[in-house]
Amino acid sequence: MTSVASLAPWLGGALALAGVAVVASRRRELMIRWCAWAVGVPLITGAFWLGQPGAAAVAGAAALIAALELGGLLRLPRSDRAVLAAALTGVILTAWLTPGQLPRAVAAGALAVAAVPLLSGDADHGLRRVSGGLLGLAWLSVLAALVPLGADGLALFVAVSVADITAYFAGRRLGGPRLSPLSPAKRWSGTLAGAATGIGTLGVLGAASWQAMVAVAVGGPAGDLVESMVKRGTQVKDAGRWLPGSGGLLDRVDSLLGALAVLVVLG
């Protein structure tokens with residue numbers, strides 16, 4: 001199993017090299033994004049260094065922010081967003097403290113999410129609210145998988161991030177057929193190049209199991225398309241505006257969510 005201590009030098013070196021490349025590019029948007037990474041990478045790495053409590057804290061914080069952003073995209077009332085965030089927090093705490101009770105925690109969360117519009121007697125928008133809340137619970141609950149994965153979860157996040165960046169630049173340069181109408185800017189050429197570099201990153205970090213490779217190559221692009229579908233359906237460009245260079249947190253972790261979902265299915 002990968003350790004955080006073995007990942008730290010690679011992450012630090014990659015961040016430094018990326019900084020040199022960004023300065024050389026003289027592109028302001030890349031500099032802003034790198035500054036966000038320079039703050040976020042040490043914080044997240046330090047949290048994972050603490051073991052399962054730290055991983056649970058990262059997963060919980062990400063789930064809370066993502067739930068609020070998704071609620072905003074779907075125009076859910078504040079009460080629905082609060083219950084969704086609480087349900088996700090319960091799922092992640094269960095994954096840490098009593099993992100054997102995880103199915104019960106997810107089921108209880110689903111009941112709580114559905115109960116809010118039901119108890120309010122919302123005949124006009126109840127179905128939309130229940131559907132949106134259950135989508136959020138199913139989609140974001142996979143963050144609980146970060147707790148038992150530990151450093152392997154951190155390696156997975158790094159790999160899907162490298163794959164995302166490669167796919168963006170390779171797709172623009174190589175062109176070719178579009179990946180999906182859900183995201184016209186994405187190309188098959190970029191997706192395949194991203195999968196190759198993502199899998200290579202797993203190998204360098206010592207986390208290249210076949211399940212992780214499938215998760216990065218298939219789950220990462222799928223997770224990105226899921227968020228693209230949600231944003232197209234709501235006619236919103238970004239899930240948020242607070243994260244420099246990335247919009248919102250959901251825009252940053254969408255590929256990780258897809259990769260984690262595939263990893264959970266493959267065991």
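Residues numbered from 1 in each chain as written. Predicted model: local features only at pLDDT ≥ 70, side-chain atom pairs only at ≥ 80, totals over all residues. Heavy atoms only, no water.

Enquirer: Lay out the overall build of the protein chain in plain terms, naming residues and giving numbers.
Expert: A count of helices and strands for the protein chain gives 11 helices and zero strands. Reading the protein chain from its N terminus to its C terminus gives the helix and strand order α-α-α-α-α-α-α-α-α-α-α. For 267 residues, the compact-globule formula gives about 18 Å, and the C-alpha radius of gyration of the protein chain, at 18 Å, lands near that figure. For the protein chain, the spread of C-alpha atoms along the three principal axes comes to 55 × 40 × 30 Å. Residues counted as buried form 46% of the 267 residues belonging to the protein chain. Taking the intrachain contacts of the protein chain between residues at least 6 apart in sequence as the baseline, contacts between residues at least 24 apart amount to 71%. (Helix = DSSP H or I, 4+ residues; strand = E, 2+ residues; numbered from the N terminus. Rg over C-alpha atoms; globule rule 2.2 N^0.38 Å. Buried < 20%, exposed > 50% of the residue type's maximum accessible area, 1.4 Å probe, protein only. Contact = heavy atoms within 4.5 Å.)

Enquirer: Quick one: what's the story with helix α11 (residues 249–266), residue by residue and with numbers?
Expert: Spanning 18 residues, α11 covers 26 Å between terminal C-alpha atoms, matching the ideal 26 Å at 1.5 Å per step. Ser-255 marks where α11 bends most, by close to 35°. Gly-267 sits one or two residues past α11 and shows a positive phi near 75°. (Expected span 1.5 Å × (residues − 1). Bend = angle between axes of the 7 residues up to and from the residue.)

Enquirer: Give a description of the packing of helix α9 (residues 188–204) against helix α10 (residues 210–234) that names residues and reports values.
Expert: In contact at an axis separation of 9 Å, α9 and α10 are set at 145° when each is read in the N-to-C sense. The way α9 lies across α10 gives a crossing that is right-handed. Between α9 and α10, the contacting residues are Thr-191, Ala-195, Gly-198, Ile-199 and Leu-202 on the first element and Ala-212, Met-213, Val-216, Ala-217 and Pro-221 on the second. (Axes fitted to C-alpha atoms, helices over the stretch in contact; angles between N-to-C directions. Left-handed = near helix turned anticlockwise from the far one by under 90°.)

Enquirer: Any chance you could break down the packing of aromatic side chains for me, citing the residues and the numbers?
Expert: The relative placement of two aromatic rings is captured by the distance of their centres and the angle of their planes. This model, assessed by the stated rule, comprises two aromatic pairs. Both rings, one in Trp-37 and one in Phe-157, keep their centres 6.2 Å apart while their planes meet at 35°; by these two values the pair is tilted. With Trp-37 in helix α2 (residues 28–49) and Phe-157 in helix α8 (residues 151–174), the pair connects residues that are 120 residues apart, well separated along the chain. Take Trp-37: its relative accessible area is 23%, and that puts it in the partly exposed class. Aromatic side chains Tyr-168 and Phe-169 sit 5.0 Å apart centroid to centroid with 80° between the ring planes, which places their arrangement in the edge-to-face category. (Phe/Tyr/Trp six-rings, centres within 6.5 Å; stacked < 30°, edge-to-face > 60°.)

Enquirer: Give me the lowdown on the packing of α8 against α11, citing residues and values where you can.
Expert: Direction vectors running N to C along α8 and α11 enclose 125°, while the axes themselves pass 9 Å from each other. By the angle class used here, α8 and α11 are oblique. Between α8 and α11 the crossing geometry is right-handed. Side by side, α8 and α11 meet where Leu-156, Phe-157, Val-160, Ser-161 and Asp-164 of the first sit next to Arg-252, Ser-255, Leu-256, Ala-259, Leu-260 and Leu-263 of the second. Considered class by class, the residues forming the contact of α8 with α11 number seven nonpolar, two polar and two charged. (Parallel < 35°, antiparallel > 145°, perpendicular 65-115°, else oblique. Nonpolar A, V, L, I, M, F, W, Y, C, P; charged D, E, K, R; others polar.)

Enquirer: Tell me what's going on with unusual backbone geometry, and back it up with residues and numbers.
Expert: Residues other than glycine seldom take positive phi values, yet Arg-75 does so here, at roughly 55°. Counting through the fold element by element, Arg-75 comes out in the loop between α3 (52–73) and α4 (78–97). Positive phi, close to 55°, is recorded for Gln-235, a residue that is not glycine. Locating Gln-235 in the fold gives a position in the loop between α10 and α11.

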